[in-house]
Amino acid sequence: MARELNEVVVVDAVRTAFGKAGDKGIFWKTRADDLVVALLKALIKRNPQVKPEMIEDSLWGITNQMKEQGGTLGRVATMLADWGYSVPGCSIDRMCAGGLTAVSFGVTHIATGMADCILAGGVEHMGHLPMGFMRDPHPRSEEVMGGPSALNMGQTAENIHERFPEFTREMSDRYAVECQRKADEAIKAGKMKEMIIPIEVELADGTKIIADKDQQPRPGATVEGMRELKTPFKENGNVTAGNASGLNDGAAAVLLMSEKKAKELGLKPKLRWVASAVAAVDPTIMGTAPVPATEKVLQKAGLTMKDIDIIEMNEAFAVQALYFLDRFGMKWDDPRVNIWGGAIAYGHPLASSGPRLVAFLAGLFKENPQARYGLATMCVGRGQGYSVIWENCQ
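Residues numbered from 1 in each chain as written. Predicted model: local features only at pLDDT ≥ 70, side-chain atom pairs only at ≥ 80, totals over all residues. Heavy atoms only, no water.

Considering the pairing of strand S4 (residues 89–92)
Alignment of strand S3 (residues 58–61) against S4, held across four bridges, turns out to be parallel. Of the residues in S4, the one forming a bridge with Ser 58 is Gly 89. Viewed along the sheet, the connection from S3 through helix H2 (residues 73–80) into S4 turns out right-handed. (Pairing = 2+ DSSP bridges. Helix = DSSP H or I, 4+ residues; strand = E, 2+ residues; numbered from the N terminus. Right-handed = clockwise from strand over helix to strand, strands pointing away.)

Next up, the structure:
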């Protein structure tokens, strides 16, 4: 039986502020599942036409699925949000791209007619559940992935520097400083206010605050200051805390609908899905994977990089971003890329980062109505890349 695919749109995209992992972080005494609940409630409040019972699945990307992030959080969070028992849910792990995978899985369900309304997101509390927490790698893991460096993301970035020496530390530092500058300008201009959901939290010292600002950005960063930073992953290496994303806590969520359903409810879509693609490479240079993923998604969409007006790239490491730009023949400061700054400034709470890219695209599309296509792309631990192309509905 022949079937037509439904057009899929993003109705809304929100996130928490991103905090630093650890006892100095704004979410040190806040649970990961409570971050998710805050976003669920906010999406319904912001979109009163949408009732919880309309949501046909709650898909959540989570890298470390244990303790407060275990127990099928995607399902339990909907009940913690007082939505009753009617909303199913699940948790998905594709490490850093868990949340972006959740979004694409939701797109697939809607496109094929399995659902009309799905909530997809990502959450990670790296303070409570550090990367690799309670993992038990197979004895052959290092062998099949090309060596022990495949299990350490910082070392994979050093491997890119080593295999492609044309990308120097100075270039990475320069790129990172520009990222911080763009983020600082965007924050001061209020670009984050519409997407960040304020949450009342208690800090480690008992003080209560409203968490509505990202904690990671370092305004005023300079190349000279970057030169003084240590290289923890390799002696006399290139990767530092300055030219890499931080360890962070946060959550982000996307409300997806069929275009027909959104129109029926009187909701104005922000983005329309065009194509998704995932690719895999040598895990020891995992940061190179957004290149084949993007080549694949462009081919699926029938587009070229010249057609892409806005690019949201998750900067796990500056060298990964530089490699991507170089392989597509773009300058290191291409004006289409991370217009409001990227993960080097805002942080990278693993599975949360993909939906954060979607939220940024929604805001940038609104600000640039002449822009037609946007790309969200990211590298993924264990040697994967994930890319999604969206069309502007604003």
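Here we look at the nonpolar core
In this structure, Leu 256 and Trp 390 are the most contacted members of the largest nonpolar core, which totals 128 residues. For this core, the element with the highest residue contribution is helix H1 (residues 32–46), accounting for 10 residues. Every residue in contact with Leu 256, bar those within four places of it in the chain, is listed here: Val 8, Val 9, Val 10, Val 103, Gly 106, Val 107, Ile 110, Asp 116, Cys 117, Ile 118, Ala 120 and Trp 390. (Core = buried A, V, L, I, M, F, W, Y, C linked by side-chain atoms within 4.5 Å. Buried < 20%, exposed > 50% of the residue type's maximum accessible area, 1.4 Å probe, protein only. Contact = heavy atoms within 4.5 Å.)

Focus on the packing of helix H9 (residues 290–301) against helix H10 (residues 318–327)
Two elements in contact, H9 and H10, have axes separated by 9 Å at closest approach and are oriented at 40 degrees. For the element pair H9 / H10, the angle class is oblique. H10 is crossed by H9, and the crossing has right-handed handedness. Where H9 approaches H10, its residues Pro 290, Val 291 and Thr 294 are matched on the opposing element by Gln 320, Tyr 323, Phe 324 and Arg 327. (Axes fitted to C-alpha atoms, helices over the stretch in contact; angles between N-to-C directions. Parallel < 35°, antiparallel > 145°, perpendicular 65-115°, else oblique. Left-handed = near helix turned anticlockwise from the far one by under 90°.)

Points about the pattern of salt bridges
Scanning the entire structure with this criterion turns up 23 salt bridges. Of the charged contacts in the structure, one is a salt bridge between Glu 194 and Lys 366, with a shortest N-O distance of 3.3 Å. Here Glu 194 is found in the loop between helix H6 (169–188) and strand S6 (199–202), whereas its partner Lys 366 is found in helix H12 (residues 353–367), with 172 residues between them in sequence. A residue is classified by how much of its surface remains accessible, and Lys 366, at 47% relative accessible area, is partly exposed. (Salt bridge = Lys/Arg side-chain N within 4 Å of Asp/Glu carboxyl O.)

Quick notes on the side chain of Thr 231
Here Thr 231 is to be found in the loop between helix H7 (223–227) and strand S8 (248–258). One polar contact links the side chain of Thr 231 to the main-chain carbonyl oxygen of Lys 234, over a distance of 2.7 Å. At 3.1 Å, the side chain of Thr 231 and the backbone nitrogen of Gly 237 are in polar contact. Apart from the residues within four sequence positions on either side, Thr 231 is in contact with Glu 158, Arg 169, Asn 236, Gly 237, Asn 238, Val 239 and Thr 240. (Polar contact = N/O pair within 3.5 Å; in protein donor to acceptor, adjacent residues only side chain to side chain.)

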